[in-house]
Amino acid sequence: MQLRDDREMIEKYVEAHAHVWPEIQAGIRSVGILDMQIYIADNTLFMICDTVDDFDWERDNARLAQLPRQAEWEAYVAKFQGCDPDAPSTAKWRLMKRIFKLDPEP
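Keep in mind that this is a model prediction, so the values were computed, not measured.

Colleague: Hey, could you go over the pattern of salt bridges for me, with residue numbers and the actual values?
Modeller: Under the criterion given, the structure shown has six salt bridges. The residue K92 makes a salt bridge to E74 at a minimum N-O spacing of 3.6 Å. Of the two residues, K92 sits in helix α5 (residues 89-92) while E74 sits in helix α4 (residues 70-78), which places them 18 residues apart along the sequence. Where salt bridges share partners, they join E23, R69 and E72 into one cluster.

Colleague: Give me the lowdown on the packing of helix α1 (residues 7-17) against α4, citing residues and values where you can.
Modeller: Running from N to C, α1 and α4 point in directions that differ by 155 degrees, and their axes come no closer than 10 Å. As judged from the angle between their axes, α1 and α4 are roughly antiparallel. Contact residues: Y13, A16 and H17 in α1; W73, Y76 and V77 in α4.

Colleague: Outline helix α2 (residues 22-30), listing residues and values.
Modeller: Considered for burial, the residues of α2 that qualify are I24, G27 and I28. End-on view of α2: buried residues confined to an arc of 100 degrees, all on one side of the axis. Of the exposed residues in α2, the ones pointing more than 90 degrees away from its buried face are P22 and R29. Tucked into the core, α2 has its buried residues touching β1 (33-41), α3 (57-65) and α4.

Colleague: Could you give me a rundown of the confidence of the model for the protein chain, with the residues and numbers involved?
Modeller: On average, the protein chain scores 94 in pLDDT, and the residues at 70 or more come to 100%. When the elements of the protein chain are averaged for pLDDT, α5 gives the smallest value, 90, and α2 the largest, 97.

Colleague: I'd like to hear about the nonpolar core, residue by residue, with values.
Modeller: Counting residues in hydrophobic clusters, the biggest one holds 20 residues, and the most contacted among them are L3, Y13, I24, L45, W73 and W93. Counting only elements with at least two residues in this core, the list comes to α1, α2, β2 (44-51), α3 and α4. Excluding residues within four positions of it along the chain, Y13 makes contact with L3, L45, V77, F80, Q81 and W93.

Colleague: Lay out unusual backbone geometry in plain terms, naming residues and giving numbers.
Modeller: Within the chain, D42 stands out as a residue other than glycine whose phi angle is a positive 55 degrees. Along the chain, D42 turns up in the loop between β1 and β2. According to the relative accessible area criterion, D42 is exposed, its value standing at 62%. Unusually for a residue other than glycine, R69 sits at a positive phi of about 70 degrees.

Criteria and cut-off values
Residues numbered from 1 in each chain as written. Predicted model: local features only at pLDDT ≥ 70, side-chain atom pairs only at ≥ 80, totals over all residues. Heavy atoms only, no water. Salt bridge = Lys/Arg side-chain N within 4 Å of Asp/Glu carboxyl O. Helix = DSSP H or I, 4+ residues; strand = E, 2+ residues; numbered from the N terminus. Axes fitted to C-alpha atoms, helices over the stretch in contact; angles between N-to-C directions. Parallel < 35°, antiparallel > 145°, perpendicular 65-115°, else oblique. Contact = heavy atoms within 4.5 Å. Buried < 20%, exposed > 50% of the residue type's maximum accessible area, 1.4 Å probe, protein only. Arc of directions from axis to C-beta. pLDDT = per-residue confidence, 0-100. Core = buried A, V, L, I, M, F, W, Y, C linked by side-chain atoms within 4.5 Å.

Here is the structure:
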């Protein structure tokens, strides 16, 4: 995902993610996301999600969108993001194909 190319807005986005609301974290877990990490380089974000085996990106993000305070959180962080504020998370965060993973040592 791309953030707006505005240093002050980026700092506020990072600060918001240092204090993610408890209801949002609980909702993320409730749809099958076991761990989530977001990395930033300039105004580009990269997210890694570890999920349960039957997690479905479209279905489970739709479930997440219906949980308490999720719409409020999405509206809050949308002002920092460089994408359509009305777009669902599945349009903001795009799936990527892994092309390399270091083999475990023999």
